[in-house]
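Survey of secondary and tertiary structure
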Amino acid sequence: MLTGKIRNDIDKLWEKFWTGGITNPLTVIEQISYLMFARMLDMQEDMAERKANALHKQGKGGKDFDRLFPNSPEGQLLRWKNFKNLSGKELHKHLKQNVFPYFAKLGKKSDEQDGLGSDGGAIEALGHIGEYMQDADLEIKNESVLVSAVEMVDELPLTQSDVKGDIYEYLLSKLTTAGINGQFRTPRHIIDAMIELVDPQPTESICDPACGTAGFLARTMEYLNHVHSSEAGTFEDEEGNKHFTGDLLEPYRDHINKNMFWGFDFDTTMLRVSSMNMALHGVNGANILYQDSLSKSIKENFPEQEENFFDVILANPPFKGSLDETNTNPDVLGLVKTKKTELLFVAHILRALKLGGRAAVIVPDGVLFGSSKAHQQLRQELIENNQLEGIVSLPSGVFKPYAGVSTAILMFTKGGTTERVWFYDLQADGYSLDDKRNELKGEGSNDLPDAIAKWKQYRALVEKNASIKEIVKAFGDKTQKAFVVDAKDIADNKFDLSINRYKEVVYKEERYDDPKEILKKLKALESEIMADLDELEGML
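Keep in mind it's a predicted model, so treat the numbers as computed, not measured. (Residues numbered from 1 in each chain as written. Predicted model: local features only at pLDDT ≥ 70, side-chain atom pairs only at ≥ 80, totals over all residues. Heavy atoms only, no water.)

Let's shift gears to the overall build of the protein. Per the secondary structure count, the protein includes 23 helices and 11 strands. Principal axes of the C-alpha set define a box for the protein whose edges measure 100 × 75 × 50 Å. Approximately 26,700 Å² of the protein is accessible, and the part contributed by carbon and sulfur atoms is 50%. Here the protein holds 65 positive side-chain charges and 86 negative ones, and the gap between their average locations is 2 Å. (Helix = DSSP H or I, 4+ residues; strand = E, 2+ residues; numbered from the N terminus. Areas by Shrake-Rupley, 256 points an atom, 1.4 Å probe, with all protein chains shown as cover. Lys, Arg positive; Asp, Glu negative; His and termini not counted. Charge placed at Lys NZ, Arg CZ, Asp CG, Glu CD.)

Attention now moves to the pairing of strand β7 (residues 353-364). Bridge count between strand β6 (residues 310-315) and β7: 5 bridges; the pairing is parallel. Residue pairing in the sheet places A315 in a bridge with V361 of β7. The pairing of β7 with strand β9 (residues 407-413) spans 7 bridges and is antiparallel. Following the sheet pairing, V363 is matched in β9 by A408. (Pairing = 2+ DSSP bridges.)

What characterises a pair of aromatic rings is the spacing of the ring centres plus the angle enclosed by the ring planes. Going through the model one piece at a time under the given rule, you end up with 16 aromatic pairs. Pairing Y34 with F100 gives two aromatic rings, centres 5.3 Å apart and planes at 80°, and the pair type is edge-to-face. Placement of Y34 in helix α2 (residues 25-57) and of F100 in helix α5 (residues 88-103) is noted, with a sequence separation of 66 residues between them. This pair shows no difference in class: Y34 is buried, exactly as F100 is. Centre to centre, the rings of W80 and F83 are 5.6 Å apart; their planes meet at 70°, and the pair counts as edge-to-face. On the criterion of helical spacing, the pair formed by W80 and F83 is a turn pair, its members being 3 residues apart in helix α4 (residues 80-83). Assessed through its relative accessible area of 2%, W80 is described here as buried. Joined through ring pairs, the aromatic side chains of W422, Y424, W455, Y458 and F475 make up one cluster. (Phe/Tyr/Trp six-rings, centres within 6.5 Å; stacked < 30°, edge-to-face > 60°. Buried < 20%, exposed > 50% of the residue type's maximum accessible area, 1.4 Å probe, protein only.)

Per-residue confidence for the protein gives a mean pLDDT of 87, with 91% of residues at or over 70. Between residues 177-183, whose pLDDT stays under 50, and residues either more than four places distant or in other chains, the model counts 11 contacts. (pLDDT = per-residue confidence, 0-100. Contact = heavy atoms within 4.5 Å.)

Here the focus is the packing of α2 against α5. Where α2 meets α5, the closest approach of the two axes is 11 Å, and the angle between their N-to-C directions is 75°. One way to sum up the angle between α2 and α5 is to call them roughly perpendicular. Between α2 and α5, the residues in contact are Q31, Y34, L35, F37, A38 and L41 and L95, F100 and F103, respectively. When the residues that make up the contact of α2 with α5 are grouped by side-chain class, the tally is 8 nonpolar, 1 polar and no charged. (Axes fitted to C-alpha atoms, helices over the stretch in contact; angles between N-to-C directions. Parallel < 35°, antiparallel > 145°, perpendicular 65-115°, else oblique. Nonpolar A, V, L, I, M, F, W, Y, C, P; charged D, E, K, R; others polar.)

With 16 residues, α5 ought to run about 22 Å at 1.5 Å a step, and its terminal C-alpha atoms sit 21 Å apart, in line with that. Maximal helix bending in α5 amounts to about 45°, located at L95. (Expected span 1.5 Å × (residues − 1). Bend = angle between axes of the 7 residues up to and from the residue.)

Let's shift gears to the sheet that holds strand β1 (residues 206-208). The sheet built from 9 strands is open, its strands ordered β5-β4-β1-β6-β7-β9-β8-β10-β11 with mixed pairing. Either end of the sheet is taken by a strand with one partner, and the two such strands are β5 (287-290) and β11 (482-486). Direction aside, the axes of adjacent strands within the sheet are offset by 15° on average. Here β1 runs beside strand β4 (residues 261-265); their pairing, made up of 3 bridges, is parallel. By the bridge assignment for β4, C207 is matched with W262. Contacting β6, β7 and β9, helix α16 (residues 341-352) runs over the sheet at an angle of about 160° to β7.

Let us look at a nonpolar patch on the surface. A contiguous nonpolar surface patch, about 530 Å² in accessible area, is contributed by I529, M530, L533, L536 and M539. Topologically, I529 is positioned in helix α23 (residues 515-538). (Patch = residues over 30% accessible without salt bridge, like charges linked within 9 Å, V, L, I, M, F, W, Y side chains within 5 Å. Salt bridge = Lys/Arg side-chain N within 4 Å of Asp/Glu carboxyl O.)

Attention now moves to α16. Between its terminal C-alpha atoms α16 stretches 16 Å, which fits the 16 Å expected from 12 residues at 1.5 Å a residue. Along α16, 12 of the 12 residues are buried, which leaves the element largely enclosed by surrounding structure.

Within the largest apolar cluster, 100 residues are counted, with the highest numbers of intra-cluster contacts made by F261, M278, I391, V392, F412, W422 and F423. Top contributing element to this core by residue count: α16, with 8 residues. (Core = buried A, V, L, I, M, F, W, Y, C linked by side-chain atoms within 4.5 Å.)

Looking now at the pairing of β6. Extensive coverage of β6 is indicated by the burial of 6 of its 6 residues. Here β1 runs beside β6; their pairing, made up of 2 bridges, is parallel. From the neighbouring strand, I206 faces β6, where its bridge partner is V312.

Following this line, the structure appears as structure tokens:
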């Protein structure tokens, strides 16, 4: 959680951008991202330099190391520490003409032409980040805003990996309040709940097929840090916030950096933002890739990842609009013949999971009870040829102020067959369900912790092969928020997965007075009124 001075500094800088004429929140985030990125590259070079010098002093090697910047006067001027104090006009010209164009070389194999030659192994390692930095351009035209931005970024505590992740998350949260072109982020507390429900492990591969800002992937990294921190790797800052270093993740670090995280999107701006988000969460080699996950081109571009590849998929795919069938992956259409993106994404996720892989996906309620052939076909596929584990029905205000649509979280495992489905009727998510979405406190204001606890209780029963009797004893009461429904009952209801179909509502009997008694009371009241009116008339 980001609080105090850093938060205030970011708010002030945000205001400066707005008053300086940059009003698109995504542009503001992009421009701050570039500056943070420039500083982080310099920090990385600085660390490599110190390490090489220390080894040289100990007689364990020369001073050579894999460089990000050419060891020439012009090359060294590309480093943050060497240009940050330039005057406004010089700074603007230098960033525009030299520093930002240099970003385009990141991720490529170095050569003599870029001034690095065989010393440039470090820029090649930046992989996908460099790919999306090729279009980076300085759009801050106001020199005083640029100087303020450089000064603020210079003061940010980017050496602390968890804090820099928080800083970026805070910047991204501005997208929620501002809204852009109909795009909006999944609320972070909903993402966190979904991650906890699925419980990803550091050995697994995790994908978001419509990654946007990479919220699911970045928060998964935070979750892993939280879960895999020893007592020594956990500390409190001056403001009492807990920080988790993820020190127990070291044996898995190479996998985490290179192979664990996969995000696909076809918005290059979002790809830039999500690459940066992952880098600031300590994952430089995340596979953030340009691809429309539903397009048939995925079979050509990512044939390995398109089918039977991922252990975990977390997603809130776009669920508005329909697609051109001729451009859609034919294998996905083979699962569900439709143009509706929400159905196609669920089908794609089923294909992309490996056998035993699990997913948590946000879908509009229509997926649960839609009566078209495609809707029923998909639900039947989930029940009969896979394990539909659970459905959390979300309140309809979760995506306000941008959408009031009712949604649910589908949780399923690829393969097998479904015996029963666990439902949870989530009435409150800790925030008001109107357009303001104010945080709420007090009893009954947040069902998420209870939903997670009940899910863990249910999964523990399933994993120990508990008898049906035990499961029904714990979750058989359909008047409660959490309950189970037999798969056969669902099949008998045309695979309808709407929670209202199965939840039993307890009606409380209301008692009323006898009509004669009510009339008697009304007459008495009328007599009193008439007496008062007579008294009032006597006073005139």
